[in-house]
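Notes for the structure review
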Amino acid sequence: MRNKLDWRRGVVTSAEQISDDVRSLDFAVEGPLPRFDPGSHSNFRVSLGDGEAIRTYSCLPAAPGHLRVAVKQHDNSRGGSRFMWGLNPGDALSLTVPENRFELAWRAPYYLLMAGGIGITPIFGMALALQQRGIAFRLVYGGRRRGVMAFAEDLERQLGDQVDICAGDAGERIDVAAEIAALPADGQLYVCGPIGMLNAVKTAWQAAGRPMGRLRYEVFGDSGLFAEANFSVDVQGLDRAVQVRPDQTLLEALLGAGVDMVYDCQRGECGLCAVDIISHDGPIDHRDVFFSEAEKAEGRRMCACVSRLASGNAVIDVGYRG
Ligand SMILES: Cc1cc2nc3c(=O)[nH]c(=O)nc-3n(C[C@H](O)[C@H](O)[C@H](O)COP(=O)(O)OP(=O)(O)OC[C@H]3O[C@@H](n4cnc5c(N)ncnc54)[C@H](O)[C@@H]3O)c2cc1C
């Protein structure tokens, strides 16, 4: 039940490591490629050794007919980023024409852009586009250490004092509340980074009394509060437990067990795959940005595409009646 994707063949034209753990890849795409805006992403068919999977990457500014992405290497992963890192010029794979769910609304008079770690990828193109059009903005970019912060030098060179780089190893940290306080009342905030950063930004934004409609964010759905472990769910209407492995999402396990599910974004934003939690005996690792902090604390619903239990069992209702 996903939107129809336009799959194409892409051939790697260049591959280059641009920080300690980020590699940039440029693809020549077969067939006419429509112009795409900053914030767009493409899907890539990756090989995980025991099968294929789809991974999504934000599209960086690129030459006409080309797609460029920057991929962070995840050491403890199912292998999508490792596959992308293994690509070299001449290698081909399937990718989709970019789509955009993190679009800049060009109406605001001032923009605050905030990025954490690899979350810089959609924000990078936004900053350059705003600069080209002469629209006022400020970019704050935080990372664990300078060596892993892709594009830091490029941004400093191109944006001058419009960018503030906060490297953890230099003792620097984004002061989220102060950044929001300095944003003009009609300004908009665009943020992309790990779930902890997004939660902090949402809380500070609300505390400052700012309208939620002026906060736009994207998450990559690849970070949580607990390490992935086995857990199980009893689905009402299905008289057996569904086991969820550490390398599976709850959504994948439910679909694999033949449970009809409605879903779309698969990154915890749209809420279509949300399930009701009747009871649970292990902690819930809420990884979505769809539910509010208050709803997450209640523990009555979770997004099956990204959220999971840290361990144990839950009884859930997905509306499935066999
Ligand atoms: C819109 C969008 C844009 C993105 N843009 C970029 C980008 O520009 N650059 C980039 O590097 N990445 C981007 N991503 C993330 C990317 O799609 C992959 O998630 C990432 O490369 C990790 O894939 P992987 O297979 O290596 O790791 P995964 O196996 O997906 O693991 C990644 C992390 O998720 C956790 N994890 C492991 N297993 C599971 C599981 N079963 N369920 C849930 N979590 C698990 C682990 O903590 C691990 O460190 C984007 C994602 C989205 C949705």
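A brief report on the enclosed structure follows.

How each quantity is defined
Residues numbered from 1 in each chain as written. Predicted model: local features only at pLDDT ≥ 70, side-chain atom pairs only at ≥ 80, totals over all residues. Heavy atoms only, no water. Pairing = 2+ DSSP bridges. Helix = DSSP H or I, 4+ residues; strand = E, 2+ residues; numbered from the N terminus. Buried < 20%, exposed > 50% of the residue type's maximum accessible area, 1.4 Å probe, protein only. Axes fitted to C-alpha atoms, helices over the stretch in contact; angles between N-to-C directions. Contact = heavy atoms within 4.5 Å. Core = buried A, V, L, I, M, F, W, Y, C linked by side-chain atoms within 4.5 Å. Domains from an automatic or database assignment. Salt bridge = Lys/Arg side-chain N within 4 Å of Asp/Glu carboxyl O. Near = heavy atom within 4 Å. Polar contact = N/O pair within 3.5 Å; in protein donor to acceptor, adjacent residues only side chain to side chain. Disulfide = S-S within 2.5 Å.

The next thing to look at is the pairing of strand β4 (residues 52–58). Bridging between strand β3 (residues 40–47) and β4 involves 7 bridges; their strand directions are antiparallel. Considered in β4, the bridge of Ser47 is made with Glu52. Two successive antiparallel strands, β3 and β4, enclose a turn made up of 4 residues, where Gly49 displays a positive phi of approximately 90°.

The subject of this paragraph is the pairing of strand β14 (residues 241–244). Of the two faces of β14, the one holding Val242 and Val244 is buried and the one holding Ala241 and Gln243 is not buried anywhere. Linking two consecutive strands that pair antiparallel, namely strand β13 (residues 231–235) and β14, is a turn of 5 residues; a positive phi of about 95° is found at Gly237 within it.

Our focus in this paragraph is the sheet that holds strand β10 (residues 163–167). With parallel pairing, the 5 strands of this open sheet are ordered in space as β10-β9-β8-β11-β12. One side of each edge strand has no neighbouring strand; the edge strands of this open sheet are β10 and β12 (215–218). Strand-to-strand twist of the sheet, defined as the mean angle between neighbouring strand axes without regard to direction, takes the value 15°. As judged from the 7 bridges shared by strand β8 (residues 110–116) and strand β9 (residues 136–143), these two strands associate in the parallel manner. Residue pairing for β9: Gly116 is matched across the bridge by Gly142. In the packing of helix α2 (residues 120–132) onto the sheet, the strands contacted are β8, β9, β11 (188–192) and β12, and the crossing angle to β8 comes to about 155°.

It is worth spelling out the nonpolar core at this point. One finds Leu113, Ile123 and Leu139 to be the most contacted residues of the largest nonpolar core, which totals 34 residues. Looking at this core, the elements that each hand over two or more residues are β8, α2, β9, α3 (152–159), β10 and β11. Ranked by the residues each element gives to this core, the list is headed by α2, at 7 residues. Both domains that furnish three or more residues to this core are identified here as domain 1 (7–100) and domain 2 (110–218). Sequence-distant contacts of Ile123, that is, excluding residues within four places in its chain, are made with Phe102, Leu113, Met114, Ala115, Leu139, Tyr190, Val191 and Cys192. If you look at the next biggest cluster of nonpolar residues, it comprises 29 residues, including Leu251, Ala253, Ala274 and Ile284.

Looking now at the pattern of salt bridges. Counted by the stated rule, this structure contains 18 salt bridges. Notably, a salt bridge pairs Arg267 with Glu218, separated by 3.8 Å at the nearest N-O pair. Highlighted residues: Arg267 in the loop between α6 (250–256) and β15 (274–280) and Glu218 in strand β12, separated in sequence by 49 residues. As far as the burial class goes, Arg267 and Glu218 line up, both buried. Glu228 is the salt-bridge partner of Arg287, the closest N and O atoms lying 2.8 Å from each other. Of this pair, Arg287 sits in the loop between β16 (284–285) and α7 (293–298) while Glu228 sits in the loop between β12 and β13, placing them 59 residues apart in sequence. You can call Arg287 buried: its relative accessible area is 7%. Relative accessible area serves as the criterion here: at 37%, Glu228 is assigned to the partly exposed category.

Glancing now at the site of the ligand. Residues in close proximity to the ligand total 29 residues, the closest being Arg55, Thr56, Arg78, Ser81 and Pro246. In the model, a nitrogen atom of the ligand is placed 3.2 Å from a nitrogen or oxygen of the Ser58 main chain. Arg308 places a polar side-chain atom, nitrogen or oxygen, 3.3 Å from a nitrogen atom of the ligand. Elements with a minimum of two residues in the shell around the ligand: β4, β5 (66–72) and α1 (80–85). Sort the elements by how many residues they give to the shell around the ligand and β4 lands first, with 4 residues.

Enumeration over the complete set of coordinates arrives at 0 disulfides. Here Cys192 stays free of any disulfide, with the sulfur of Cys59 as its closest cysteine sulfur at 13 Å. For Cys192, a relative accessible area of 0% puts it in the buried group. Cys265 supplies the cysteine sulfur nearest to Cys270, a cysteine that is in no disulfide, at a spacing of 3.7 Å. For Cys270, a relative accessible area of 29% translates into the label partly exposed.

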